[in-house]
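# Close look at the chain arrangement
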Amino acid sequence: MTNKEIEKKLESKNVKPTAMRTLVYKTLVDSGKALSLADLEIQFEKVERSTIFRALKSFEDNFMVHPVDDGSGSVKYAVCDDDCTCNIHDLHVHFYCTRCGRTRCMKELPIPEMKLPAGYTYRKAQFIISGVCPRCD
Ligand SMILES: [Zn+2]
Ligand SMILES: [Zn+2]
């Protein structure tokens with residue numbers, strides 16, 4: 001994605017396309033895997049952690065990224081599909097490779113809807129499969 005395309009995308013999601021947001025989003029798209037705040041900090045050495053965090057939050061609030069807790073100890077952020085509204089039907093399995101530490105969205109594998117006992121409301125679910133990815137096999 002070019003910077004121009006990213007700016008357009010941010011605007012379409014009602015996120016003001018600052019230079020920093022454009023850069024953070026581009027990094028997430030280009031990496032092709034979920035990244036943690038620490039991963040991003042390494043890429044943007046001179047940028048305050050809080051600035052990166054605020055960029056991620058504004059993406060999350062506007063359905064541009066979704067958080068993934070893959071059990072590695074830090075939450076990672078993955079890019080959402082264009083039409084994602086992060087509702088139950090957009091939830092999918094994430095795969096964590098224990099060799100390379102990459103976490104990927106498996107959008108072709110939706111999380112099955114489970115019937116909860118009466119009185120419980122479904123809000124979020126994490127479905128993590130860990131193992132070895134094709135790159136490491
Ligand atoms: Zn791997
Ligand atoms: Zn995902």
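Definitions and cut-offs
- Residues numbered from 1 in each chain as written.
- Chains lettered and ligands numbered in written order.
- Predicted model: local features only at pLDDT ≥ 70, side-chain atom pairs only at ≥ 80, totals over all residues.
- Heavy atoms only, no water.
- Donors = N, O, S within 2.8 Å, 3.2 Å for Na, K, Ca; no water.
- Tetrahedral: all angles 85-135°; square planar, octahedral: opposite > 155°, others 65-115°.
- Helix = DSSP H or I, 4+ residues; strand = E, 2+ residues; numbered from the N terminus.
- Expected span 1.5 Å × (residues − 1).
- Contact = heavy atoms within 4.5 Å.
- 1 Å grid on protein atoms, 1.4 Å probe; cavity = no way out; pocket = protein on both sides within 12 Å on 5 of 7 lines; lining within 4 Å.
- Points joined across faces, edges and corners; volume = space filled by probe spheres on them.
- Nonpolar A, V, L, I, M, F, W, Y, C, P; charged D, E, K, R; others polar.

This part is about the coordination of the zinc ion (ligand 2). Summarising the metal site, the zinc ion (ligand 2) is bound by the protein donors His66 (NE2), His92 (NE2), His94 (NE2) and Cys105 (SG), whose distances to it range over 1.9 to 2.3 Å. With four donor atoms in place around the zinc ion (ligand 2) and angles of 103 to 114° between them, the coordination shape is tetrahedral.

This next bit is on helix H4 (residues 49-61). Here H4 spans 18 Å end to end across 13 residues, near enough to the 18 Å set by a 1.5 Å rise per residue. Where the residues of H4 are buried, they touch helix H1 (3-12), helix H2 (19-31), helix H3 (37-43), strand S2 (65-68) and strand S3 (76-79). Residue Phe63 follows H4 closely and has a positive phi angle near 60°.

Right, let's get into the environment of Leu91. Summarising the element assignment, Leu91 is placed in the loop between S3 and strand S4 (92-97). Each C-alpha atom, one on Leu91 and one on Phe127, is 8.7 Å from the other, the two residues being 36 residues apart in sequence. Leaving out residues up to four positions away in the same chain, Leu91 has contacts with Pro110, Ile111, Tyr122 and Ala125.

Okay, the layout of surface pockets next. To find leftover empty space, one rolls a probe the size of a water molecule over the atoms. Taken as a whole, the largest pocket holds about 350 Å³ of empty space. His66, Pro67, Cys86, Leu91 and Lys124 are the residues nearest the centre of the largest pocket, which is lined by 19 residues in total. Listing elements by their share of the lining of the largest pocket, those giving two or more residues are S2 and S4. Residue composition of the lining of the largest pocket, grouped by class: 10 nonpolar, five polar and four charged. Within this model, the second largest pocket holds a volume of roughly 180 Å³. Contributing to the lining of the second largest pocket are 13 residues, with Gly32, Ala78, Val79, Cys105 and Lys107 lying nearest its centre. For the lining of the second largest pocket, the secondary structure elements donating two or more residues are H2, S3 and strand S5 (103-110). With four residues, the top contributor of residues to the lining of the second largest pocket is S5. Of the residues that constitute the lining of the second largest pocket, the class distribution is seven nonpolar, two polar and four charged.

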